[in-house]
Every structure is written in structure tokens, then in C-alpha cells.
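# Geometric and topological summary
Here are the chains, one letter per residue:
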Amino acid sequence: MARTRTAARLLAGAVMITPLLMAASPAAAGPGNGPRACLDHDGATVEEARVDEAAVKEILERSGFDAPVREFTAALCKARTQRAAEALVERHGERLWRSAVDRVQDKGKGKGPKAGSLSAGDDRPLYWARLSMTGALNNWSPGFALSEEARADLVARMERSSRGYSSLEKPARKGVTRIVVTGFDPFRLDNDIRQGNPSGAAALALDGTRVETGAGTVVIETAMFPVRWRDFTDGIVEEALLPAYTGRTTADAVITVSQGRAGRFDLEAYNGAWRAGSPDNEMAGTPEQVPVPRGVPTVRPQPQWTESTLPHDAVIAAWTGVFPVYDNTQVTEIPAGSDQQVARPDGPTEGSTARSGGGGNYLSNEIAYRNTLLRDGFGSGIPAGHVHTPILSFGGDNTDAVSDPVFEQNRTAIVDQVAAIVEVIANETVGD
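Residues numbered from 1 in each chain as written. Predicted model: local features only at pLDDT ≥ 70, side-chain atom pairs only at ≥ 80, totals over all residues. Heavy atoms only, no water.

So, about the overall build of the chain. When helices and strands are counted, the chain shows 12 helices and 18 strands. Per-residue burial for the chain yields a buried fraction of 59% across its 432 residues. Residue pairs at least 24 apart in sequence account for 73% of intrachain contacts in the chain once pairs closer than 6 positions are excluded. (Helix = DSSP H or I, 4+ residues; strand = E, 2+ residues; numbered from the N terminus. Buried < 20%, exposed > 50% of the residue type's maximum accessible area, 1.4 Å probe, protein only. Contact = heavy atoms within 4.5 Å.)

The first and last C-alpha atoms of helix α11 (residues 363-377) sit 20 Å apart over 15 residues, in line with the 21 Å expected at 1.5 Å per residue. Gly379, located one to two residues past α11, shows a positive phi value of around 65 degrees. (Expected span 1.5 Å × (residues − 1).)

Strand pairs in the sheet, formed through backbone hydrogen bonds, run parallel or antiparallel to each other. Spatially, the three strands line up as an open sheet ordered β16-β15-β17, and their pairing is antiparallel. Among the strands making up the open sheet, the edge pair consists of β16 (342-344) and β17 (353-356). Between one strand and the next, the sheet's axes are offset by a mean angle of 40 degrees, whatever the strand orientation. Two strands pair when backbone bridges link them, and strand β15 (residues 331-334) and β17 are joined in this way by three bridges, in the antiparallel orientation. For Ile334, the partnering residue across the bridge sits in β17 and is Thr353. (Pairing = 2+ DSSP bridges. Axes fitted to C-alpha atoms, helices over the stretch in contact; angles between N-to-C directions.)

What the seven strands build is an open sheet, ordered β6-β7-β5-β8-β18-β9-β14; its pairing is mixed. Edge positions in the open sheet fall to β6 (210-213) and β14 (325-328), since each of these has one partner strand only. Looking at each pair of strands side by side, their axes are set apart by 25 degrees on average, direction ignored. Relative to strand β7 (residues 216-225), β6 runs antiparallel, the two sharing four bridges. Residue pairing in the sheet places Glu212 in a bridge with Thr217 of β7.

Right, let's get into the pattern of salt bridges. Pairs may arise between side chains of opposite charge once their charged atoms sit close together. Within this structure, the stated rule accounts for 30 salt bridges. Between Asp376 and Arg375 there is a salt bridge; the shortest N-O distance is 2.8 Å. Taking relative accessible area as the criterion, Arg375 reaches 4% and is therefore assigned buried. Overlapping salt bridges bring together Glu47, Arg130, Glu159, Arg163, Asp185, Arg228, Arg230, Asp231 and Glu282 as one network. (Salt bridge = Lys/Arg side-chain N within 4 Å of Asp/Glu carboxyl O.)

Further remarks concern the side chain of Ser199. Structurally, Ser199 is set in helix α7 (residues 198-206). Engagement of the side chain of Ser199 in a polar contact is seen with the backbone nitrogen of Phe184, the distance being 3.0 Å. Excluding residues within four positions of it along the chain, Ser199 makes contact with Gly183, Phe184, Val257, Ser258 and Gln259. (Polar contact = N/O pair within 3.5 Å; in protein donor to acceptor, adjacent residues only side chain to side chain.)

Moving on, we come to the state of the cysteines. In the structure shown here, the tally under the stated rule is one disulfide. Disulfide pairing is shown between Cys38 and Cys77; the S-S distance is 2.1 Å. Given an S-S torsion of about -75 degrees, the disulfide between Cys38 and Cys77 has left-handed geometry. Taken together, the residues span a long stretch of sequence, with Cys38 in the loop between β4 (20-24) and α1 (54-63) and Cys77 in helix α2 (residues 66-78) at a distance of 39 residues. Assessed through its relative accessible area of 9%, Cys38 is described here as buried. Here Cys77 falls in the partly exposed class, since its relative accessible area comes to 22%. (Disulfide = S-S within 2.5 Å.)

None of this, on its own, says anything about what the molecule does.
Written as C-alpha cells, this is what we have:
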């Protein structure tokens, strides 16, 4: 397998994280958009191959995000050196993220690609445009020698620059309180290629926004994460979130968000050190203990459980929106001295082995575990934890349209409630 590589980051002056290695599985299809004159390497991933689906093309065309894909592919075909390719990847990746944020926040009134007939609040154009661009990189046959390691580095640069991570590295202005909120890509796309993810839509809607509190202004910085086990194994969460804990760009709270159960929000109290290995967006997965990258300050030995330090009581007591909000304390564990799994409604027991956190044992639980493990490893007292949103569904009679009024209304309601929850947390944080 070809693998992508992200450069190791210096952490807290002397600590170093191991490089991110992002695998690229072979697939026959190309990126599906833009010129193909230089795209005959045939190296797209399982995830990238889906961009040839009709629904995906419609999402890109109706959002105007087919244009940046074409522009990137045309520029890539003209690149004559690796350095030139690196520069254009960084430029187009940053532009893609900013265009997606501008489109959501401007409601299609002029910033970023044209609004088109797809609603401005949609997270899917960013996801499919990014995959089209990384697919172009994996299928690219340049006019110069390009090693698989160099190609992998280009893909990693595109991933990182188009997910908002660079904004998390910028030092906060003096006296500014900052909260980090993260979302996820769409997933389970082989069940329904049209799916979006309200956590991703919320991240786009909140990036760079401000919350005015009685004690000052809070700035929200956001980022998006892939639904791929390999990226988590290789340290993408740690690389992106470490600046929030290192002191140079310290955040005042780190809130990870993902899509959870139907009709409710869950504040996940406990996170487990176990991944069940359910198929991700590349149809890959292996059951195992959550692997923590070497070189990252953490708790040793690796704990089976971490806890949320978000102000659950305050969030639940506040009116944040139409969906009920629950403090979810349930876990599944193997008790000490036993070999049988047991569901516990009120959290883990002493010495137990994790099998499922409140947020399950998929990537939602894992990002919550990794984030709170970083918090504990740095000895940080800032609020950190996970919020699960309701499932975003289409109208009952919609079996093929890429959008409908029910889908749009529910996404708006979920995103607005995420914003309200973050505002409660911001007020509690600044108040402290």
C-alpha cells in the first residue's frame, strides 16, 4: 500500500510526535472531476473511488465545489517540480477549507464558490471536493520522478490544510479566550452515499465565530477529522489537538463532536481505550486497544478509561434547543477478575477493561478518549469532552434526492443546538 506522511511536529519545545502515516488503498476509479490528462497512476483509495457516484457529482455541481476541484487538477497537471506541487497543495487545501467555512457562514451570499441550488449549510461539498483532490494526487503521473513517500506527503498536506488544523496552531491574541470544537466527515456511505454529518456542518458554522460572555469574548476555532482508523492510529488527533495543550496556543476548552443516536444529544461521561474495529470509510478496521503514538505526553500505564470535564450539569440545565440532552454515564466493561462483558449504567468499576465508552467503541469514542488522554497527560485542567448529536436523516419518502426539507431543517436545528451548547460551555469556562 502507498502511505501518506505528515511531518512530525515539535511539541512543547522538546517533545516530538511520531509521523502520521496515512495508507492509500488501490482502486480503479479516478477522482471523477476535472481534467484527466495527467491522472493515469491508478492509485485512488477505496474512499476516493466513491466520487464517481452520480449523487456525489450532483452535490459538487449544485454547491459550486466542482470548480475548485477542476482548478486544482489543472494546476496539478502543470506542476513541474515537487516543490511546486507542495505549494499548490497547501494553497488549494487552505482555500478549500476557507471556502467551505465562508459558504456555510455567509449563507451563499458571495464568499467562496457560488451557492448553487444546494443549501449553504451543507458539509458534504467540502468532504467530496477534498476526496476529489486527494484522488487526483493519488492518480497523478507527473513529468518528473515522484516517490511514493513524496506522493504520500502531498496527500497528507492536502488533508491537513483542508481540515482547519493550521488555525489551531496560531498563537491566541493576548487576553483572548479560545475554545476548540471538532467535527467529523460523513460516514457509512455504502449504506447511503448521500449522507452528511451534522458535527461537520457545526464545525464549519462555528469556525472563527465569537461568543460574548459577561467576562469577555470567546473565539471558537474548529477542525474536521476523517472517519479512518489508520489516521487515528498514526496520530492525527494528537497532532491536531496538541497545540491546544502546549501553552503556545492553549485553548480554554476542547470539545469533540460527532453524530450519535436518533432524536437526542448525549454528553459522554466516560471514554474507553477500546476500538471494536467496525468498518470505517475505507471499509477497514481491527478490534484492539486504542494505540497511543510514541512521544506524546500521556498517562502511563495507558488507562482504560478517561472522563469528560465539560460542565454537564450546566449544559443539561440550560435550554439549548429542541432535542433533549442527556448525561450519558453508561459503559461496557470486563470487570476485574472476569472474562465476561458487562454493561454498567453508572460508569466503569475499579480495575475493569474497557469494551465501550458512553459514546460506543467507534471513532467517536476514540477521539474523545484521545483528547481527554492528552488533557490528562499534560496535566491540564481545562474542560474537555465529547458531545454526540442526533442522527441527521432524510424525509421518510426521500430515497434518492440529495436533499429535502426535513434534512435541511434537522441539520439547521442540530447545528444551532451545538452552537448553544458551546455557548453554555464558553460562559462556564470564562466564568471560572
